[in-house]
Amino acid sequence: MNAPAKTEDFVATIPAGVFAETVTSVQHYTDHLFRFRMTRPESFRFRSGEFAMIGLMVGDKPIYRAYSIASPSWDEELEFFSIKVPDGPLTSHLQQIKPGDTVLMRKKPTGTLVLDALTPGKRLYMFSTGTGIAPFASLIRDPETYEKFDEVILTHTCREVAELKYGFDLVEEIRNHEFLAEVVGDKLRHYATVTREDFPFKGRITDLISNGKMFADLGLPRFDPAVDRGMICGSSAMLKETKALLEQAGLTEGANSKPAEFVIERAFVD
Ligand code: A2P
């Protein structure tokens, strides 16, 4: 079923207490990935890296899923990066949205991938697979990230090269941005790897950390809890294995209520 048309009947069925926003642009990257942008309610505040519950009316019921907000907190629009699951209760509908359509958003954002949950450090690693790059798309466009860290390393691993495009576009956008380019300077490094196709950088990030190749490629020393901080977003297995590697190196997991050396968040999927 298509996303419902914006008829008066539809507007009348929007649940109370949620924002109903208008899609401004949609870009499809592959058969499985797309991003969309939508209007941002003036009263909606969030910290870069947080997620919100995004939904659509399907029939007469709203369906919501957790989505990391991919735009930074200063952006006047909201951006999301999504998978397309053919039978996904939400994404099978969401992938069909067009500019002008209405998307619902619950009012309260939340999440652990925020700068406040980390103790001060020099180097911030952001480890992502697939759509797990979304919260980092927000954080790498936030000047506060560069006020707090001298070096920011975004790792992004996907099965295929085409799935890396969102990340490459983002970094390009930052390099050409009228004020971000200066704030970011050469502090941001992007380490993109692929697991199921030929590419200059190949392999799972967990393997590249374990065998030292990531450090060699970046010309950096191995993790040091005194200066390195981490954020992880991917599948449950990826989170578990990456977390174990950081813990082996002596970093401890933090939270909003108890900042420490790294934080994790699941990439939410249907
Ligand atoms: P692989 O191709 O070897 O499975 P997915 O689409 O399944 O979420 O995977 C996205 C990327 O994350 C793929 O490149 C995949 O590698 C990688 N990946 C999957 N599981 C793990 C894991 N446990 N640790 C690190 N990377 C993983």
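The shown structure was predicted, so the numbers you read here are calculated from the model rather than taken from an experiment. (Residues numbered from 1 in each chain as written. Predicted model: local features only at pLDDT ≥ 70, side-chain atom pairs only at ≥ 80, totals over all residues. Heavy atoms only, no water.)

S.K.: I'd like a rundown of the domain arrangement of the chain, residues and numbers included.
M.R.: The domains assigned to the chain are domain 1 (7-106) and domain 2 (115-264). Computed over C-alpha atoms, the centres of domain 1 and domain 2 are 25 Å apart. Counting residues at the interface gives 21 residues for domain 1 and 21 residues for domain 2. In total, domain 1 and domain 2 occlude about 1,600 Å² of area from one another, counting both sides; carbon and sulfur atoms represent 60% of this. Sorting the residues of domain 1 by area buried against domain 2 places Tyr-29, Trp-74 and Phe-81 first, and these three jointly supply 35% of that buried surface. On inspection of domain 1 and its partner domain 2, the count reaches two salt bridges. Across the pair Asp-116 and Arg-47 runs a salt bridge, and its minimum N-O distance is 2.9 Å. At the junction of domain 1 with domain 2, the criterion picks out eleven residue pairs in polar contact (both at pLDDT 80 or more). Of all the secondary-structure elements, those providing two or more residues to the side of domain 1 that touches domain 2 are strand E2 (33-39) and strand E5 (77-83). (Domains from an automatic or database assignment. Contact = heavy atoms within 4.5 Å. Buried area = accessible area lost by both parts, 1.4 Å probe. Salt bridge = Lys/Arg side-chain N within 4 Å of Asp/Glu carboxyl O. Polar contact = N/O pair within 3.5 Å; in protein donor to acceptor, adjacent residues only side chain to side chain. Helix = DSSP H or I, 4+ residues; strand = E, 2+ residues; numbered from the N terminus.)

S.K.: If you had to explain the packing of aromatic side chains to someone new, which residues and values would you point to?
M.R.: What the rule picks out here adds up to 14 aromatic pairs. When the ring of Tyr-67 is compared with that of Phe-80, the centres are 6.3 Å apart and the planes differ by 85°; the resulting orientation is edge-to-face. Taken together, the residues Tyr-67 in strand E4 (residues 61-68) and Phe-80 in strand E5 connect sequence positions 13 residues apart. A single burial state applies to Tyr-67 and to Phe-80, both of which are buried. Three or more aromatic residues link up through ring pairs in this structure, and these residues are Phe-34, Phe-36, Tyr-67 and Phe-80. One cation-aromatic arrangement involves Arg-106 over Tyr-64; the distance from NZ or CZ to the ring centre is 4.0 Å. (Phe/Tyr/Trp six-rings, centres within 6.5 Å; stacked < 30°, edge-to-face > 60°. Buried < 20%, exposed > 50% of the residue type's maximum accessible area, 1.4 Å probe, protein only. Lys NZ or Arg CZ within 6 Å of the ring centre and 35° of its normal.)

S.K.: An account of the pattern of salt bridges is needed here, citing residue identities and associated values.
M.R.: Oppositely charged side chains can form a pair if their charged atoms are brought close together. Scanning the entire structure with this criterion turns up 18 salt bridges. For Arg-37, the salt bridge identified is with Glu-79, shortest N-O distance 2.5 Å. Linking Arg-37 in strand E2 with Glu-79 in strand E5, this pair joins segments that are 42 residues apart in sequence. Side by side, Arg-37 and Glu-79 carry an identical accessibility label, which is buried. Notably, a salt bridge pairs Glu-79 with Arg-141, separated by 3.2 Å at the nearest N-O pair. Of the two residues, Glu-79 sits in strand E5 while Arg-141 sits in the loop between helix H3 (134-139) and helix H4 (143-148), which places them 62 residues apart along the sequence. Here Glu-79 and Arg-141 have matching classes, each one buried. Shared partners join several salt bridges into a network, and the residues in it are Arg-35, Arg-37, Asp-75, Glu-77, Glu-79, Arg-141 and Glu-173.

S.K.: Mind laying out a nonpolar patch on the surface, listing which residues take part and the relevant values?
M.R.: On the surface, a cluster of nonpolar side chains totalling about 250 Å² of accessible area is made up of Trp-74, Phe-179 and Val-183. Secondary-structure assignment places Phe-179 in the loop between helix H5 (165-176) and helix H6 (180-184). (Patch = residues over 30% accessible without salt bridge, like charges linked within 9 Å, V, L, I, M, F, W, Y side chains within 5 Å. Areas by Shrake-Rupley, 256 points an atom, 1.4 Å probe, with all protein chains shown as cover.)

S.K.: Could you give an account of the environment of Lys-243, naming the residues involved and the relevant values?
M.R.: Secondary-structure assignment places Lys-243 in helix H9 (residues 236-248). When its relative accessible area of 24% is taken as the criterion, Lys-243 is described as partly exposed. The spacing of Lys-243 and Gly-167 is 76 residues in sequence and 22 Å in space, taken between C-alpha atoms. Once residues lying within four places of it in the same chain are set aside, the contact partners of Lys-243 are Ile-232, Glu-253, Phe-262 and Ile-264. Reaching out from Lys-243, the side chain makes a polar contact with the side chain of Glu-253 at a distance of 2.6 Å.

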